[in-house]
Amino acid sequence: MPFGIGTTEFVMMGLLPDVADDLHISIPSAGHLVSAYALGVVIGAPLLAAVTARMSRRTVLMGLMALFVAGNALSAFAPGYDSLLVARFLSGLPHGAFFGVGAVVATTMVAPERKARSVSLMFLGLTVANIAGVPVATLMGQHLGWRATFLGVSTIGLVAIASLALLIPHDHTHAPATGLRGELAALKSVPVWLALGTTVAGFGALFSAYSYITPMLTDAAGYADSSVTLLLALFGVGATVGNLLGGRLADHAMRRTLFGGLASLVVVLAAFPLLMRTEWSAGLAVVLLGVAAFVTGSPLQLMVMEKASAAPSLASSANQAAFNLANAGGAWIGGLALAAGFGVTSPAVAGAGLAVLGLAVAAVSYAVDVRHKTPPAGRERVVAAHALDRPGALHH
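Chemist: Quick question: what am I supposed to make of the overall build of the protein here?
Modeler: The number of helices and strands found in the protein is 17 helices and 0 strands. Taken across its 396 residues, the protein has 56% of its residues classed as buried.

Chemist: Even after reading the chapter, I still don't get a nonpolar patch on the surface, so can you show me in this structure?
Modeler: Together, Leu 39, Ile 43, Leu 47 and Val 51 line one region of the surface with nonpolar side chains, adding up to about 350 Å² of accessible area. Among the secondary structure elements, Leu 39 is positioned in helix H2 (residues 27–51). A relative accessible area of 46% means that Leu 39 is categorised as partly exposed.

Chemist: I would appreciate a short explanation of helix H5 (residues 115–144) in the present structure.
Modeler: Given 3.6 residues per turn, any residue in an α-helix points the same way as the ones three and four places further on. In this model H5 runs 41 Å from its N-terminal to its C-terminal C-alpha over 30 residues, within 8% of the 44 Å that 1.5 Å per residue would give. At Ala 129, H5 shows its maximal bend, which comes to roughly 60 degrees.

Chemist: In this structure, what is going on with the pattern of salt bridges? I would like to understand it.
Modeler: Applying the stated criterion across every chain, the model contains 3 salt bridges. Put simply, Asp 369 and Arg 255 hold a salt bridge, and the shortest N to O gap is 2.2 Å. Of this pair, Asp 369 sits in helix H16 (residues 346–371) while Arg 255 sits in helix H11 (residues 254–270), placing them 114 residues apart in sequence. You'll find Asp 369 and Arg 255 in the same group, each marked buried.

Chemist: Would you mind showing me how to read the packing of aromatic side chains here?
Modeler: Aromatic ring pairs: the centre-centre distance and the angle between the two ring planes describe each pair. On inspection of all chains with the given rule, the structure shows 6 aromatic pairs. Relative to Phe 150, the ring of Trp 146 lies with its centre 6.1 Å away and its plane at 80 degrees, an arrangement referred to as edge-to-face. Of this pair, Trp 146 and Phe 150 both sit in helix H6 (residues 146–167), separated by 4 residues, roughly a single helical turn. Take Trp 146 and Phe 150: they sit in the same class, and that class is buried. Joined through ring pairs, the aromatic side chains of Phe 203, Phe 207, Tyr 210, Phe 235, Phe 294 and Phe 323 make up one cluster.

Chemist: Explain the nonpolar core to me, please; I cannot follow it from the model alone.
Modeler: What tends to happen in soluble globular proteins is that the nonpolar side chains get buried as a cluster. Leu 206, Phe 272 and Met 276 are the most contacted members of the largest nonpolar core, which has 88 residues in total. Of all the elements, helix H8 (residues 190–210) adds the most residues to this core, at 9 residues. Discounting residues that sit within four places of it in the chain, Met 276 has contacts with Ile 213, Met 216, Leu 217, Ala 220, Ala 221, Ala 282, Ala 285 and Thr 345. If you look at the next biggest cluster of nonpolar residues, it comprises 16 residues, including Val 11, Leu 33, Ala 76 and Phe 150.

Chemist: Mind showing me how you'd approach the side chain of Ser 365 here?
Modeler: Locating Ser 365 in the fold gives a position in helix H16. The contact partners of Ser 365, leaving out residues within four places of it in the chain, are Leu 194 and Arg 255.

Chemist: What's the story with the packing of H8 against H11 in this structure? I'm lost.
Modeler: Each pair of packed helices gets described by two things: the angle between the helix axes and the distance between those axes. Between H8 and H11, whose axes approach to 11 Å, the crossing angle comes to 25 degrees. Put simply, H8 runs roughly parallel to H11. Helix-helix and strand crossings are classified by hand; for H8 and H11 the assignment is left-handed. Seen from H8, the contacting residues are Thr 198, Gly 202, Ala 205 and Ala 209; seen from H11, they are Leu 258, Leu 262, Leu 265 and Leu 269.

Conventions adopted
- Residues numbered from 1 in each chain as written.
- Predicted model: local features only at pLDDT ≥ 70, side-chain atom pairs only at ≥ 80, totals over all residues.
- Heavy atoms only, no water.
- Helix = DSSP H or I, 4+ residues; strand = E, 2+ residues; numbered from the N terminus.
- Buried < 20%, exposed > 50% of the residue type's maximum accessible area, 1.4 Å probe, protein only.
- Patch = residues over 30% accessible without salt bridge, like charges linked within 9 Å, V, L, I, M, F, W, Y side chains within 5 Å.
- Areas by Shrake-Rupley, 256 points an atom, 1.4 Å probe, with all protein chains shown as cover.
- Salt bridge = Lys/Arg side-chain N within 4 Å of Asp/Glu carboxyl O.
- Expected span 1.5 Å × (residues − 1).
- Bend = angle between axes of the 7 residues up to and from the residue.
- Phe/Tyr/Trp six-rings, centres within 6.5 Å; stacked < 30°, edge-to-face > 60°.
- Core = buried A, V, L, I, M, F, W, Y, C linked by side-chain atoms within 4.5 Å.
- Contact = heavy atoms within 4.5 Å.
- Axes fitted to C-alpha atoms, helices over the stretch in contact; angles between N-to-C directions.
- Parallel < 35°, antiparallel > 145°, perpendicular 65-115°, else oblique.
- Left-handed = near helix turned anticlockwise from the far one by under 90°.

Now the structure itself:
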């Protein structure tokens, strides 16, 4: 399920030339198709989570995946650029809500001490998509046409719907009857917004560098263009390792895992100008970037859900919207560094600054928790174990 979502999110970047040639548009115009998907995620994540707040989560997940299938099928049969732009927007609508609601369902189906690991396993499909799904889908698009790629993703979505129907039990899927007003009210607390701010800054740091990783690898490290796809797969390997490691560590010390991940991200990004001087160190940098960034994924997701315990689905979905804001904002900031003439590796240095900002926001969040007498880091796992089952337990 997340595998298909991850594939359709990132594959467009590899298909831009093919889509542009087929529809007789420019590469920059084709790039708007990436933005349309991200906009769909940002709008759809909190909106769909809020309006489905009182529905069975099992039903919600299946409905969201049906919308995902429809959006990709419409993309495959889009007659022109404008209709493809709309279809990509529709494809993005269920993305954030699916991961948000899915994270809540995942944590209710495991023992309390395995909640972070359950979230990391759900996100595993997203990181594995960068290793296998995106390269395979790109090759399919290049040899069979880009429309075949979206038909293939739609097929994955149909399989996912059947899997959801078979694997998710009915007795673990009912959301608390807080309603739309209760869900929205739970997002008014400062700790929730601080947690979302940490996501924007932390993952903005990643995308500031990753958005321009290709010119760094070719212009600075000296790799041939043909090698970039393999190197991006190495990033997926690093992201997968970081995701699994972050889930395991966060079950024992959520806050320390978050701080450690952000600090590691600062170090890795700050070292990019040095690491990009040789091919072997540049390859290592790509892997380390994936590990450092995705170590923070599970603790950030759980922290947001914990801070809005009366509305975990909406908060979790809002975190996915924050992730995509980070995607757009990080790429913009990295682009500013390039446009200012600071060098091809300057987006990574700018990303290091964003990671420092993420650390600062996380520190403020921790100070607010201490001020409100939130249990210390050693007890975070116990808090997380009960927060989702006792609405309002952690409301500030």
